[in-house]
Amino acid sequence: MMTLLEQLPLWNHAAIRVLDIRRALLQASESVQGFRLPASAFLIAVAGEARILIDGVEHLTDRCYVCHAGKGATMDIIQVVEPFDYYFIFYKAALVLPSRKELLHVFKSNNPFHMQYGFAPVYPLGLLTRIEQMHAYWLLDGELERFHVRALFHQLVYDLLQQLHTLEGAAALQPDYVSQTIRFLEEHYADPISVQDLAQAMQCNERKLQRLFKAKLRIGPMEYLIQVRMNHAQAMLLNTNVPLKIIAESVGYGDSYYFSRAFKKHCGVSPLYFRQNRRISASYMSRYSIGSADNVSYNNDCDNHYQQVDGGVFGMNRSKRSVLAVSLMLSLILLLSACSTGNNVGSNSGGASPTAASTNVSSNTNAAPTSQPAYPVVIKHMKGEETLEQHPLKIAVLDTKFVDQLVTLNEQPAGSVKAAADKSDFPAYLMDKLTDVKVLGTRDEPNLEAITAMEPDLIICTEFQEEVYESLSKIAPTIMLDFNEDWRDTLATFGKIVGKSEEASVVLEQYNEKTTKLKAELKAKLGEQTVALIRPRDEGIRIHTPSHRAASILYNDLGLSAPQQVLDEKDTAYQVPLEALPGVGADHYFLVQDDMFKAIVEEFQQTETWKNVEAVKNNQIYDVDSNVWIAYYGPIAINMVVDRVAEVFLGTP
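Below or above, wherever it landed, is the structure these notes cover. (Residues numbered from 1 in each chain as written. Predicted model: local features only at pLDDT ≥ 70, side-chain atom pairs only at ≥ 80, totals over all residues. Heavy atoms only, no water.)

### With respect to the sheet that holds strand β7 (residues 74-78)
The strands that make up a sheet pair up through hydrogen bonds in the backbone, lying either parallel or antiparallel.
Then comes step 1: Read from one edge of the open sheet, four strands run β2-β7-β4-β5, paired in antiparallel fashion. Each end of this open sheet is capped by a strand with a single partner; those strands are β2 (32-36) and β5 (57-62). Adjacent strand axes in the sheet meet at a mean angle of 20°, parallel and antiparallel pairs treated alike.
Then comes step 2: Docked against the sheet, helix α5 (residues 177-187) engages β2 and β7, running at close to 100° with respect to β2. (Pairing = 2+ DSSP bridges. Helix = DSSP H or I, 4+ residues; strand = E, 2+ residues; numbered from the N terminus. Axes fitted to C-alpha atoms, helices over the stretch in contact; angles between N-to-C directions. Contact = heavy atoms within 4.5 Å.)

### Some points on the pattern of salt bridges
Then comes step 1: In the structure shown here, the tally under the stated rule is 23 salt bridges.
Then comes step 2: In this structure, E528 and K523 form a salt bridge, with 2.9 Å as the shortest nitrogen-oxygen distance.
Then comes step 3: Judged by its relative accessible area of 61%, E528 is exposed.
Then comes step 4: For D594, the salt bridge identified is with R535, shortest N-O distance 3.6 Å. Placement of D594 in the loop between β20 (588-593) and α22 (598-605) and of R535 in strand β17 (residues 531-537) is noted, with a sequence separation of 59 residues between them.
Then comes step 5: For D594, a relative accessible area of 8% translates into the label buried.
Then comes step 6: Residue R535 is classed as buried on the basis of its relative accessible area of 10%.
Then comes step 7: Members of the salt-bridge network, linked through shared partners, are D486, R488 and D557. (Salt bridge = Lys/Arg side-chain N within 4 Å of Asp/Glu carboxyl O. Buried < 20%, exposed > 50% of the residue type's maximum accessible area, 1.4 Å probe, protein only.)

### A look at empty space enclosed by the protein
Then comes step 1: Going through the model one piece at a time under the given rule, you end up with three cavities of 30 Å³ or more.
Then comes step 2: Considered as a void within the structure, the second largest cavity measures approximately 40 Å³ in volume.
Then comes step 3: K519, L522, K523, L526, G527, Q529, L558, G559, L560 and S561 together form the lining of the second largest cavity.
Then comes step 4: Each residue belonging to the lining of the second largest cavity can be placed in one class, and the counts come to four nonpolar, four polar and two charged. (1 Å grid on protein atoms, 1.4 Å probe; cavity = no way out; pocket = protein on both sides within 12 Å on 5 of 7 lines; lining within 4 Å. Points joined across faces, edges and corners; volume = space filled by probe spheres on them. Nonpolar A, V, L, I, M, F, W, Y, C, P; charged D, E, K, R; others polar.)

### Some thoughts on the environment of S473
Then comes step 1: Looking at the element boundaries, S473 is found in helix α17 (residues 469-475).
Then comes step 2: Of the residues examined, S473 reaches a relative accessible area of 17% and is grouped as buried.
Then comes step 3: If we skip the residues at most four places from it in the chain, S473 touches R261 and T478.

### Looking at the environment of S250
Then comes step 1: Here S250 is to be found in helix α9 (residues 244-250).
Then comes step 2: Note: C-alpha distance between S250 and Y189 (61 residues apart in sequence) is 8.9 Å.
Then comes step 3: Excluding anything up to four places from it in sequence, S250 contacts Y189, A190 and M236.
Then comes step 4: A distance of 2.8 Å separates a polar side-chain atom of S250 from the backbone oxygen of I247. (Polar contact = N/O pair within 3.5 Å; in protein donor to acceptor, adjacent residues only side chain to side chain.)

### Notes on the packing of aromatic side chains
Then comes step 1: If you walk through the whole model with that rule in mind, you get 21 aromatic pairs.
Then comes step 2: Aromatic side chains F213 and Y224 sit 5.7 Å apart centroid to centroid with 70° between the ring planes, which places their arrangement in the edge-to-face category. Highlighted residues: F213 in helix α7 (residues 206-217) and Y224 in helix α8 (residues 221-239), separated in sequence by eleven residues.
Then comes step 3: Residue F213 is classed as buried on the basis of its relative accessible area, which comes to 0%.
Then comes step 4: With relative accessibility at 3%, the residue Y224 sits in the buried group. (Phe/Tyr/Trp six-rings, centres within 6.5 Å; stacked < 30°, edge-to-face > 60°.)

### Structural notes on the nonpolar core
Then comes step 1: Ranked by internal contacts, the top residues of the largest apolar core, which has 83 residues, are L560, Y589, F590 and W629.
Then comes step 2: Here this core takes eight residues from helix α26 (residues 635-650), the largest share from any one element.
Then comes step 3: Judged by nonpolar contacts, the second largest core, of 33 residues, contains C204, M230, I247 and V269. (Core = buried A, V, L, I, M, F, W, Y, C linked by side-chain atoms within 4.5 Å.)

### Side note on helix α19 (residues 501-526)
Then comes step 1: Its 26 residues give α19 an end-to-end C-alpha distance of 37 Å, which sits within 8% of 38 Å, the value for a rise of 1.5 Å per residue.
Then comes step 2: Taken together, the buried positions of α19 are occupied by E503, A504, V507, L508, Y511, K514, T515, L518, L522 and L526.
Then comes step 3: Just downstream of α19, G527 is the residue with a positive phi angle, here 65°. (Expected span 1.5 Å × (residues − 1).)

### A word on the packing of helix α18 (residues 487-497) against α19
Each pair of packed helices gets described by two things: the angle between the helix axes and the distance between those axes.
Then comes step 1: Running from N to C, α18 and α19 cross one another at 155°; their axes reach a closest spacing of 7 Å. By the angle between their directions, the pair α18 and α19 is classed as roughly antiparallel. Counted together, W487, R488, L491, G495 and K496 of α18 and S501, A504, V507, L508 and Y511 of α19 form the full contact between these two elements.
Then comes step 2: Of the residues that constitute the contact of α18 with α19, the class distribution is six nonpolar, two polar and two charged. (Parallel < 35°, antiparallel > 145°, perpendicular 65-115°, else oblique.)

### Description of α5
Then comes step 1: Burial analysis of α5 places nine of its eleven residues in the buried class, which makes it a mostly covered element.
Then comes step 2: The set of residues buried in α5 consists of Y177, V178, Q180, T181, I182, F184, L185, E186 and E187.

### With respect to the pairing of β7
Then comes step 1: Among the five residues that make up β7, five are buried, leaving the element largely enclosed by the rest of the structure.
Then comes step 2: Because side chains alternate across β7, one face comprises the buried residues T74, D76 and I78, and the other comprises M75 and I77, equally buried.
Then comes step 3: The pairing of β2 with β7 spans three bridges and is antiparallel. Paired with R36 across the two strands is T74, which belongs to β7.
Then comes step 4: Inspection of the sheet shows strand β4 (residues 49-54) paired to β7 by four bridges, in the antiparallel sense.

### Considering the side chain of T478
Then comes step 1: With respect to the helices and strands, the residue T478 is situated in strand β16 (residues 478-481).
Then comes step 2: Separated by 3.3 Å, the side chain of T478 and the backbone oxygen of L472 make a polar contact.
Then comes step 3: At a separation of 2.9 Å, a polar atom in the side chain of T478 contacts the main-chain carbonyl oxygen of A476.
Then comes step 4: In this structure T478 touches H381, E386, I459, C461, Y469, L472 and S473, once residues within four positions along its chain are discounted.

### Topic: unusual backbone geometry
Then comes step 1: Even without glycine at this site, S29 takes up a positive phi of about 80°.
Then comes step 2: With a relative accessible area of 70%, S29 lands in the exposed category.
Then comes step 3: The phi dihedral of D55 is positive, around 50°, even though this residue is not glycine.
Then comes step 4: By secondary structure assignment, the location of D55 is in the loop between β4 and β5.
Then comes step 5: For D55, a relative accessible area of 11% gives the class buried.

### As for the sheet that holds strand β8 (residues 84-95)
Then comes step 1: With antiparallel pairing, five strands are arranged side by side in an open sheet as β1-β8-β3-β6-β9. The open sheet terminates on both sides in strands that have one partner only, identified here as β1 (14-26) and β9 (117-119). On average, each strand axis in the sheet is tilted by 15° relative to the strand beside it, whichever way the strands run.
Then comes step 2: With twelve bridges joining them, β1 and β8 adopt antiparallel strand pairing. Counterpart to R22 in the pairing with β8 is F88.

Here it is in C-alpha cells:
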C-alpha cells in the first residue's frame, strides 16, 4: 500500500479546483449518517469527540483530526460526545496532459484524490489557522478571494503531506467500491439502474466493478440489486395491504406480471402465495443473503445521484407507459394467436428456413451438410436450461455476433440488433447473405415492440439484456449466453440450437488448421516485432490487451507479440491520451475505425504527435473495420481478421 507522500508527483501534476468549503457543528447525541461525498473531500475536525466511518472504516476523533476520501464514499459521523466542530473542503482534481506514462500508470492504480485515510496531525495549530482563513475568504464569494482560497488549499495540502511524512505507517487505502455500490443500491433500488449507471456513479470501470463485486459477494451488482428489491417486496407483502401493482412499482418493476415472475424465480413462490401464507420455508428464500440495512438519508445535491435518461437498455430508460404498451401488445398478439385457425409454427415471415439459406460462408468456413439430430435438445445457458422441442425457425438475436454465427451454419436470424457505431443495418460482408432480417434496435437498446411484433420462436441474448430478460421471456423462450464467451463455444451452442453440431465442428477444424499454419509463417517473418490493436475515441485511444476477445486472435491464435506496456495491463483494454501513444511502442498497429468516430480519427491523424509515431513514419499502421474486428465476433468475421493479418504481413490475398 503506497503512502500519500509517494503520490506527491501526482498532486504536483494535477489541476485542482476547490468546489466548496463548509463548516458544521453537531451537538451531543446528533449525528450525520449516509452522507455520500459529491466530490473528493477533506474533513477537518477542530473540536469535540466523535466516531467517523468512511465506507465502514472507523476513525476515532479527539479534538483535531483529518480525514480524506474520494467522490462517492459514504461518511457517517456518530457517537458525538460533546459539540463536534468540523469543516468540509470539497475539491476536484484532474491530471494535466500530456503526462509521462509512468505517471499515468501510477494515477490509474493509486489515485491519491480517491484514497481514504485519517490521522491526528502532529502540529494542528497551523492547519486550523489555514482552514479558518480559507473558510473566511470562501464566504466573501469574490473572484479574487476564490483565487486566494485556491492558493491556500495548495498550502494546506503541503502541510498535510509534510505531517503525514512524520507519521510512520500512515498509508492511504483504495476506495471500497463494493461498499459504496451496496449503499447506492440500497438507497436507489426503486430507480432504473444499469451496470453503466453504477460504474459512472462510483467512478469505476464496469468490468472492474463486476469483478470486485463477484470476488467479495460471489454475485454481480445487478443480482445484488434484485436481492435488495425482493427483500423490500417481501417486507411490503407481509406488513401492508398495498396492491401488487404498487409494490412492483415501488421496488423498480414497471408491471406486476414482470415483478411476479421475478419474485417467484428468486423466492420460490408467487407474491400472492407469500402474502396469503405469511409463513415461508427458509428454503424458498433468495439464494444469497444480503442482510438488512437501515435506511439512511441521502444528499440530493450530490452529483452521484445519477440516472441515465438517454442511454442504457430499454428497460432502464423508458417510461412505464412504454412498458404498458408492450404488455398491451403482448396481450393482443396472444388473443390473435388464440383466434387463428391455422398453425403458424412452420411460418417464416422474418427469416429463412433451415434449408432455404444456401449461401456459403467462405472458402475457409464451408460446412459439409449432415443429417440433423432428433429433437428435443437441451441448451444450458446463464439462466438455466431451455428445452427446444423442434428446430426454431424464427430466431431473434440481441447481439450482432450471433448473426455471423448463424450465417456460418447456413442459417440466418429473423431479427437482429445492429451495431450502434455503424450507419448501415448490417455490415457489407453479411448483406448478401441476409434476407428480410428485421432490425430490433441496438445491443444496449433492444426494441421490445419490434421483437414482439416479429413473433419469434426463440430469442438469444447476453447479460447486456439482463434488465429486460423477464420481458423477453414473456415474448418467447429466451436463452442468455455469456457476452465474453469464446466464439468457438458459442458456435458449438448454435450448432446444437439449429441441429448442426457436426457442421460447427468442421468450421472449427478448418480454422485451427488455418491459424496453425499462419502462426508459424508469421513468426518466421516478424520475429520479435510487436503489434497493437488500437481504437480511437473522443477521450483518447483505447488499446486492447491479449485478454480482449478480438486482440486474442492476434496474440493467441496467430502468435503475434504485444508490447510490454500492453502485456502489463490486466484489463481487456485501457485508454491513453493521444500524447501517450508513442509510449505504447508497438512496431505495427491495427487501427480500428467506425462511422461514429471517423472524425476523431481524422483529427488525430493531422496532429504532429500522430505523425511522429514510429509506426506512422514507417507506414506500419493498418486500417480495419470495427464491424469485422469488434462487433461481429463470429467465425466469418474472425476468418476475415486472420486473412487481413496474412495480407498485411505475408502479402497473402
